[in-house]
Amino acid sequence: MTVRRLAPHATTIFTEVSRLATQFDAINLGQGFPDTDGPESMIEAAVRALRDGHNQYPPGSGIPELRHAIVADETARTGLVHDPDTETLVTVGATEAIAAAVVGLVEYDDEVVVIEPYYDSYVAAVAMAGATRRAARLIRSGGHIRLDVDSLRDAFSPRTRAVLVNTPHNPTGAVLPREDLEEIAALCREFDAIAISDEVYSHLTYDGVEHVSIATLPGMAERTLRISSAGKLLNCTGWKIGWLTGPAHLVEGARTARQYMSFTVASPLQPAVAHALRHEQEWIATLRKDMQDRRDELAGILTGVGFDLVVAQGTYFLTADPGPLGVTDAAAWCLELPEKVGVAAVPFAPFTDAFTDDWSHLVRFAFCKRPEVLAEAGRRLRALAR
């Protein structure tokens with residue numbers, strides 16, 4: 001029997017929607033994974049590693065080649081400089097990095113601020129740590145999604161140990177501006193809290209919008225763990241190669257926890273990711289342009305069908321309101337959609353608790369698919385407008 005603190009997290013909406021997509025042969029625009037591979041040279045590097053004997057336990061923190069490549073890439077993107085030996089940790093995807101950070105750094109009597117809507121593993125990680133979750137929220141402001149600063153201030157207290165920050169944001173696709181991050185940073189400094197910053201989509205921002213890492217703000221480098229992964233950066237979500245960087249004392253807490261989660265990470269895939277970080281930056285830049293084009297394609301399809309949209313400035317995702325189509329229960333509608341029209345999407349309700357009423361009418365569509373797949377999804381979705 002599952003323990004009480006994890007019982008609410010026994011399954012995920014992604015599992016349910018993907019099951020329905022498979023059952024009804026639907027186009028899965030619910031789960032955020034691309035349908036094309038990463039750089040060919042990266043895949044060939046993995047094959048070479050397999051054949052060259054990289055098939056046993058690697059160092060627990062990750063192979064030196066990958067840790068050095070991560071640090072070099074982060075410095076180029078953000079200006080942050082980390083020690084690859086003491087301030088860098090390779091993990092089984094970003095999800096493990098998040099869990100290790102929370103479990104390794106948060107005590108049972110601590111509070112963790114989570115901003116709704118949230119990526120669902122955040123609340124499960126807080127539950128695993130046995131900590132108390134406090135909620136802040138995002139709000140729709142005109143054509144964009146912004147932080148509700150008042151709710152953030154209300155969520156912090158003398159017991160606050162950490163805040164989980166996510167930008168570019170899953171599930172909304174929002175890219176939080178510097179002003180919003182400065183509000184979070186100010187409260188972290190005031191309450192001596194740490195920021196656990198999920199930045200896996202930092203390379204996928206559009207329309208000239210640039211990602212800002214909270215770790216680059218004054219007084220935050222020493223209190224931020226920055227999390228990323230190869231899955232979204234290099235179209236290899238199945239490889240589950242993630243990492244975190246930050247000050248040694250915070251990385252040590254995460255390292256202590258994760259050594260009892262998975263101990264280490266796939267040996268032959270680590271040198272391949274290191275190769276791509278060093279040699280495939282042009283491929284990554286092209287991916288950003290391609291994803292913006294696919295975002296525009298899906299946005300046009302959904303608007304044409306009749307959805308009210310908030311157009312994403314980052315990630316893989318579009319926030320859509322099916323209300324104009326007569327939908328009153330978005331969660332139930334998403335469970336019916338794969339059978340009804342052969343397309344899958346996910347509702348926002350499972351990504352909220354305290355502010356469900358603000359988001360339960362919305363759904364998330366992923367545009368990280370080939371253009372011909374998006375076109376076919378559009379053909380199917382147009383049945384909703386009849």
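Residues numbered from 1 in each chain as written. Predicted model: local features only at pLDDT ≥ 70, side-chain atom pairs only at ≥ 80, totals over all residues. Heavy atoms only, no water.

A. Examining the overall build of the chain more closely. Helix and strand counts for the chain come out as 14 helices and 14 strands. Dimensions of the chain, computed from C-alpha atoms along their principal axes, come out at roughly 60 × 55 × 50 Å. Sorting the 386 residues of the chain into buried and exposed places 58% on the buried side. A separation threshold of at least 6 residues defines the contact pool for the chain, and within that pool the share at least 24 residues apart is 76%. A total accessible area of about 15,600 Å² is found for the chain, and carbon and sulfur atoms account for 50% of it. (Helix = DSSP H or I, 4+ residues; strand = E, 2+ residues; numbered from the N terminus. Buried < 20%, exposed > 50% of the residue type's maximum accessible area, 1.4 Å probe, protein only. Contact = heavy atoms within 4.5 Å. Areas by Shrake-Rupley, 256 points an atom, 1.4 Å probe, with all protein chains shown as cover.)

B. Just the pairing of strand E11 (residues 317-321), in detail. Of all five residues making up E11, five are buried, and the element is well covered by its neighbours. Here E11 shows two buried faces, one formed by Phe317, Thr319 and Asp321 and the other by Leu318 and Ala320. Alignment of strand E10 (residues 308-310) against E11, held across three bridges, turns out to be antiparallel. Within E11, the residue paired with leucine 309 across the bridge is alanine 320. (Pairing = 2+ DSSP bridges.)

C. Seen up close, the environment of aspartate 353. As for its position among the elements, aspartate 353 is in the loop between strand E13 (346-347) and helix H13 (356-359). Judged by its relative accessible area of 43%, aspartate 353 is partly exposed. Counting along the chain gives 246 residues from aspartate 353 to glutamate 107, while the straight-line C-alpha distance between them is 22 Å. Leave out the neighbours within four places in its chain, and aspartate 353 touches Glu116, Tyr118 and Arg133.

D. How the structure looks around the nonpolar core. Ranked by internal contacts, the top residues of the largest apolar core, which has 76 residues, are Leu164, Leu298, Phe307, Trp333, Phe365 and Leu381. Per-element tally for this core: the top contributor is helix H4 (residues 93-105), with eight residues. Beyond its immediate sequence surroundings of up to four residues, leucine 164 is in contact with Ile98, Val102, Val112, Val113, Val114, Ile115, Tyr122, Val126 and Ile196. Residues Ala136, Val165, Ile184 and Ala185 belong to the second largest nonpolar core, which totals 28 residues. (Core = buried A, V, L, I, M, F, W, Y, C linked by side-chain atoms within 4.5 Å.)

E. Main features of the sheet that holds E13. What the four strands build is an open sheet, ordered E10-E11-E14-E13; its pairing is antiparallel. The two strands at the open ends of the sheet, each matched to only one other strand, are E10 and E13. Here E11 pairs with strand E14 (residues 363-366) via four bridges, running antiparallel. Residue threonine 319 lies in a different strand from E14, and its bridge partner there is arginine 364.

F. Layout of the pairing of strand E2 (residues 88-92). Burial within E2 is extensive, with four of its five residues counted as buried. Alignment of E2 against strand E9 (residues 241-245), held across five bridges, turns out to be antiparallel. Paired with threonine 91 across the two strands is glycine 242, which belongs to E9.

G. Quick peek at unusual backbone geometry. The omega torsion across threonine 167 and proline 168 is -10 degrees, close enough to zero to call that bond cis. Structurally, the position occupied by proline 168 is in the loop between strand E6 (160-166) and helix H7 (178-191). Here the amide bond leading from asparagine 170 into proline 171 is cis, since omega sits at 25 degrees, within 30 degrees of zero. For proline 171, the location among the structural elements is in the loop between E6 and H7. The phi angle at aspartate 25 is positive, at roughly 50 degrees, despite the residue not being glycine. Mapped onto the elements of the fold, aspartate 25 is located in the loop between helix H1 (13-23) and strand E1 (27-28). Of note, the phi angle at aspartate 207 is positive, near 60 degrees, even though the residue is not glycine. When you line up the elements, aspartate 207 lands in the loop between strand E7 (194-198) and strand E8 (224-229). With relative accessibility at 45%, the residue aspartate 207 sits in the partly exposed group.

H. Summary view of the pattern of salt bridges. Under the counting rule described, the total for this entry stands at 25 salt bridges. The salt bridge involving glutamate 74 is made with arginine 226; its shortest N-O contact spans 2.9 Å. Of this pair, glutamate 74 sits in helix H3 (residues 64-78) while arginine 226 sits in strand E8, placing them 152 residues apart in sequence. One exposure class covers both glutamate 74 and arginine 226, and it is buried. Ionic pairing is found between aspartate 293 and lysine 289, a salt bridge with its closest N-O pair at 3.3 Å. Within this pair, aspartate 293 and its partner lysine 289 are both found in helix H11 (residues 281-305), separated by four residues, close to a single helical turn. Assessed through its relative accessible area of 39%, aspartate 293 is described here as partly exposed. (Salt bridge = Lys/Arg side-chain N within 4 Å of Asp/Glu carboxyl O.)

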